[in-house]
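Listed below are the residues making up each chain.
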Amino acid sequence: MKMKKILALALSGLLAASVLAACTPAATPSAPPASTPASAPASTGGAEISGKLTFSVWDLDATGYLQKLVDAFKVEYPEVEVEIIDTPSADYTNKLGVDLNGGAAADVILIKDSDTSYSLAQKGQLEDLTPYVEAEGIDLGMFNGLASNFNFDGKQVGMPFRTDYYVLYYNKDIFDAAGVDYPTNDMTWAEFEEVAKKITTGTGNDKVYGAHFHTWQALVENWGVQDGKNTIMGPDYEFMRAPYEMVLRMQNEDKTIQDFGTLKAGNIHYSGAFQSGNVGMMPMGTWYAATHMQKVDAGETDVTNWGIATIPHAEGTPAGWTVGSVTPIAINAASQNKDAAWAFVNFATTSAAGTAVVADAGQIPGSVNDELRAIITNLEGMPEGAAEAYAVENITLDRPYVEYVNEVNKMLEEEHGLIMIGELDMDGFIEKITQRSAEIQAG
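Bear in mind the structure is a predicted one, so any value in this text is a computation, not a measurement.

**Student:** Break down helix α15 (residues 370-377) for me, with residues and values.
**Tutor:** Extensive coverage of α15 is indicated by the burial of 6 of its 8 residues. The set of residues buried in α15 consists of Leu372, Arg373, Ala374, Ile375, Ile376 and Thr377. Sitting at the amino-terminal end of α15 is asparagine 369, which places a side-chain oxygen 3.2 Å from the backbone nitrogen of glutamate 371.

Encoded structure:
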């Protein structure tokens, strides 16, 4: 039973990988039951809503909680028949586009690659939910800053269904050995850099690194967009200077992190690095907690004394501001039963019953609050203090949902590798990405 619950939580990583594009226990959680009030109610008058709905998802066998969500919805709306349309993950985005273009898409759709929301909205294929939101009196602030990312030209075309965001994992044994206090939930990046120096010890195969940054460009660039003032689209990229200078300093001068070239050449996965026991701190997404819990339970790592803290922040950026991504849920503009479709979307994203189904599977609802976090962080194997670490004030998207974002992101990946191996200096890097980004966005 223990492994069953942990594996259910591990499913978080499956969806996280698709939206970030990088990548349950036997005891009943001591968390509020599904009847605990959420931040906003679901639609009322369920008996007045009837008809048939189709709901588009991917890999249903691996995301069984979606069937539970439908079952919970039908308890409140017994007159609505819901048919799940399942598509393999690898084919989902292309098939959704074809179905929408051909008028055959489902009534309610999960958007797997959330940055495609912009193009779907521009084609008029997503229903404007603004009138429904206003009629229900829903405060979109309950989505921790995520909802605005699906508002295009004043139209709210999607609701945040679930999310993943970055936190800081740390090895308590390494801190204890160095006599250094554990990271707090209000640590700055400058403090993070200094702490990494204090807990770095040894040489060669016996070296303990103060921190670990995986090779994704997001593990540097994210800290430049964390305050929500800039995005990877530029046009001025000076905001990337500080995070790159920090990581390069830690790599080349302080030697408190393993260098990028070694990680790439060895194809070293971040999970293996942390589980090896020689990494003190690691910024990584919330989905990783499930992976580590599974490894601990299976006896495949000695890092059993570990913790989670809120991701560090720059001076001037509030504690609790993090970076992440989101899976939106939307209504097909061509749906013939939009009232029932809205009832389902509203139930899935704002109701106590709907969001509890998501949280009980170890997923983080888009409208996550203290009660829902408690369901997740009280799962057996989660470290003490996880609930406080998961409590965030704002989630800035790693990538905005705008035209040319995929092309710009690919360009940044290319230039990231060059600066990390020393082929570009800082000024040359800023100049090059500024120029290339402008060229891409000029069409």
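Now, onward.
**Student:** I'd like a rundown of the packing of helix α17 (residues 405-420) against helix α18 (residues 426-441), residues and numbers included.
**Tutor:** Two elements in contact, α17 and α18, have axes separated by 10 Å at closest approach and are oriented at 160°. As summarised for this structure, α17 and α18 are arranged roughly antiparallel, according to the angle between their axes. Every pair of crossing elements has a handedness; the one defined by α17 and α18 is right-handed. For the pair α17 and α18, the contacting residues are Glu407, Val408, Met411, Leu412, Glu414, Glu415, His416, Leu418 and Ile419 in the first and Met426, Phe429, Lys432, Ile433, Arg436, Ser437, Ile440 and Gln441 in the second. Its residues assigned to classes, the contact of α17 with α18 comprises 9 nonpolar, 3 polar and 5 charged.

**Student:** Outline the packing of aromatic side chains, listing residues and values.
**Tutor:** In this structure the tally under the stated criterion is 24 aromatic pairs. Judged by centre distance (5.3 Å) and plane angle (25°), the rings of tyrosine 132 and tryptophan 342 are stacked. Residue tyrosine 132 is found in helix α5 (residues 130-136), and its partner tryptophan 342 is found in helix α13 (residues 338-350); the two are separated by 210 residues along the sequence. Judged by centre distance (6.2 Å) and plane angle (70°), the ring pair of tyrosine 165 and tyrosine 390 falls under edge-to-face.

Calculation notes
- Residues numbered from 1 in each chain as written.
- Predicted model: local features only at pLDDT ≥ 70, side-chain atom pairs only at ≥ 80, totals over all residues.
- Heavy atoms only, no water.
- Buried < 20%, exposed > 50% of the residue type's maximum accessible area, 1.4 Å probe, protein only.
- Helix = DSSP H or I, 4+ residues; strand = E, 2+ residues; numbered from the N terminus.
- Polar contact = N/O pair within 3.5 Å; in protein donor to acceptor, adjacent residues only side chain to side chain.
- Axes fitted to C-alpha atoms, helices over the stretch in contact; angles between N-to-C directions.
- Parallel < 35°, antiparallel > 145°, perpendicular 65-115°, else oblique.
- Left-handed = near helix turned anticlockwise from the far one by under 90°.
- Contact = heavy atoms within 4.5 Å.
- Nonpolar A, V, L, I, M, F, W, Y, C, P; charged D, E, K, R; others polar.
- Phe/Tyr/Trp six-rings, centres within 6.5 Å; stacked < 30°, edge-to-face > 60°.

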